[in-house]
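# Results of the structural survey
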Amino acid sequence: MHGTRRLWTFLIVSIALFMGMLDNLVVTTALPSIGRALHADVADLEWTVNAYTLAFAVLMLPASALGDRFGRRRIFLLGVCLFTAGSAAAALSPSSTILLLARAVQGVGAAGIMPLTLTMLSAAFPPEKRAAAIGLWSGISGLGLAAGPLVGGAIVSGWAWNAVFWVNVPVGLALLVLGHLKLEESLGDRRPLDIPGIGLVGAGLFGLVYGLVRGNSLGWSSPQIVVALAAGLLLLGGFVLHERRTARPMLDLSLFAQRHFAAANLAGFLMSFGMFGSIFLIDRKSTRLNSSHANI
């Protein structure tokens, strides 16, 4: 891939990554305004955040597998399309229920964007330049998360609450055009889809993430949370056993025996743990503000 095409790839995936990561937190600062406009209670506001987080976390790995099988650019652009449509639906939501569904669509789209930005970036750059490109990719990802509350607060202070969603629409449409014109299609190993693996990891992550995001509000010892966490762990354990035994695994577990690969994933986990953990604190502060306004 020549230099101009490489720069276009970096620009497109960076903007898409920043947009997707920004939306993890940008909505938190708009929660009080959303609650007043849509007459939403605290549980509704919590799910405005959680619906996005659940869909995003559960579908990232399956989306990456689909990109390898059917084309990374194709699945990436499908993710951008879903994210843009979900943003428009969220901005037009007349009720908290419609907003929740729109946020879930946004999360599905973001799941198709994030892993494939890294895959396409790695394919676009030669080995000697790949580390620098991935380093910049990581920085943009962290910047998108960190900037979420700041950008959300700036938008809500000057416009209505739905402006935090409208801002994604022109960016998404531009990415669709640029992606169609400038991105090259690439494929991974076009092995048959590991349907049992996708089912196990999807259901396992759903149970685990659902338990984590709802544990504080429902109580960590409540039957619903205990069952969700236990089922999630069991299903993820079944996924590991399945991937070790199947002839064509979706995730090659032998990669984790490589020190550099394992260390990079551990560092990414710790960074995400710290960044996404702040969602809970920000969300609770926003919902308390919403409750205070409602009682005045």
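These remarks concern the structure in this document. (Residues numbered from 1 in each chain as written. Predicted model: local features only at pLDDT ≥ 70, side-chain atom pairs only at ≥ 80, totals over all residues. Heavy atoms only, no water.)

## Describing the overall build of the protein chain
The helix and strand tally for the protein chain stands at eleven helices and zero strands. In the protein chain, which comprises 296 residues, the share counted as buried stands at 43%. Surface summary for the protein chain: the accessible area is close to 14400 Å², and the carbon and sulfur share equals 70%. (Helix = DSSP H or I, 4+ residues; strand = E, 2+ residues; numbered from the N terminus. Buried < 20%, exposed > 50% of the residue type's maximum accessible area, 1.4 Å probe, protein only. Areas by Shrake-Rupley, 256 points an atom, 1.4 Å probe, with all protein chains shown as cover.)

## Quick word on a nonpolar patch on the surface
Together, Leu59, Leu78, Leu82, Val105 and Val108 give the surface a local cluster of nonpolar side chains, amounting to about 330 Å² of exposed area. Counting residues per element, the ones that place at least two in the nonpolar patch are helix H4 (72-91) and helix H5 (96-124). Judged by its relative accessible area of 30%, Leu59 falls in the partly exposed class. (Patch = residues over 30% accessible without salt bridge, like charges linked within 9 Å, V, L, I, M, F, W, Y side chains within 5 Å. Salt bridge = Lys/Arg side-chain N within 4 Å of Asp/Glu carboxyl O.)

## Let's talk about the pattern of salt bridges
All told, the structure shown has one salt bridge when counted by the stated rule. The salt bridge involving Asp68 is made with Arg72; its shortest N-O contact spans 3.1 Å.

## A short note on the packing of H4 against helix H8 (residues 168-182)
Direction vectors running N to C along H4 and H8 enclose 160 degrees, while the axes themselves pass 9 Å from each other. Between H4 and H8, the crossing angle belongs to the class labelled roughly antiparallel. The handedness of the crossing between H4 and H8 is left-handed. In contact with Arg73, Leu77, Val80, Cys81, Phe83, Thr84, Ser87 and Ala88 of H4, H8 contributes Asn168, Val169, Gly172, Leu173, Leu175, Leu176, Gly179 and His180. The residue makeup of the contact of H4 with H8, split by class, is nine nonpolar, six polar and one charged. (Axes fitted to C-alpha atoms, helices over the stretch in contact; angles between N-to-C directions. Parallel < 35°, antiparallel > 145°, perpendicular 65-115°, else oblique. Left-handed = near helix turned anticlockwise from the far one by under 90°. Contact = heavy atoms within 4.5 Å. Nonpolar A, V, L, I, M, F, W, Y, C, P; charged D, E, K, R; others polar.)

## Some details on helix H3 (residues 42-70)
For H3, which comprises 29 residues, the first-to-last C-alpha distance of 41 Å matches the rise-based estimate of 42 Å (1.5 Å per residue) to within 8%. Helix geometry: H3 is bent most strongly at Met60, by close to 45 degrees, with proline Pro62 lying one to four residues after it. Phi turns positive, to about 120 degrees, at Gly71, one or two residues after H3. (Expected span 1.5 Å × (residues − 1). Bend = angle between axes of the 7 residues up to and from the residue.)

## Some remarks on the packing of aromatic side chains
All chains considered together, the criterion is met by three aromatic pairs. Residues Tyr52 and Phe56 carry aromatic rings whose centres are separated by 5.9 Å and whose planes lie at 25 degrees to one another, so their mutual orientation is stacked. Of this pair, Tyr52 and Phe56 are both found in helix H3, four residues apart, which corresponds to roughly one turn of the helix. Residue classification places Phe56 among the buried positions, given a relative accessible area of 4%. (Phe/Tyr/Trp six-rings, centres within 6.5 Å; stacked < 30°, edge-to-face > 60°.)

## A word on the side chain of Arg6
Residue placement: Arg6 occurs in helix H1 (residues 3-22). A polar side-chain atom of Arg6 sits 3.2 Å from the main-chain carbonyl oxygen of Ala124. (Polar contact = N/O pair within 3.5 Å; in protein donor to acceptor, adjacent residues only side chain to side chain.)

## Looking at the packing of H3 against H5
The packing of two helices is summarised by the inter-axis angle and the distance between the axes. Put simply, H3 and H5 touch, their axes get as near as 6 Å, and they point 35 degrees apart. Crossing geometry of H3 relative to H5 is assigned as right-handed. A breakdown of the residues in the contact of H3 with H5 according to their chemical character gives 18 nonpolar, eight polar and three charged.

## Overview of the environment of Gly79
Assignment of secondary structure puts Gly79 in helix H4. Residue classification places Gly79 among the buried residues on the basis of a relative accessible area of 3%. Along the primary structure Gly79 and Met114 are separated by 35 residues, whereas in three dimensions their C-alpha atoms are 9.0 Å apart. In this view, Gly79 contacts Gly109 and Ile113; residues no more than four positions away in its chain are not counted.

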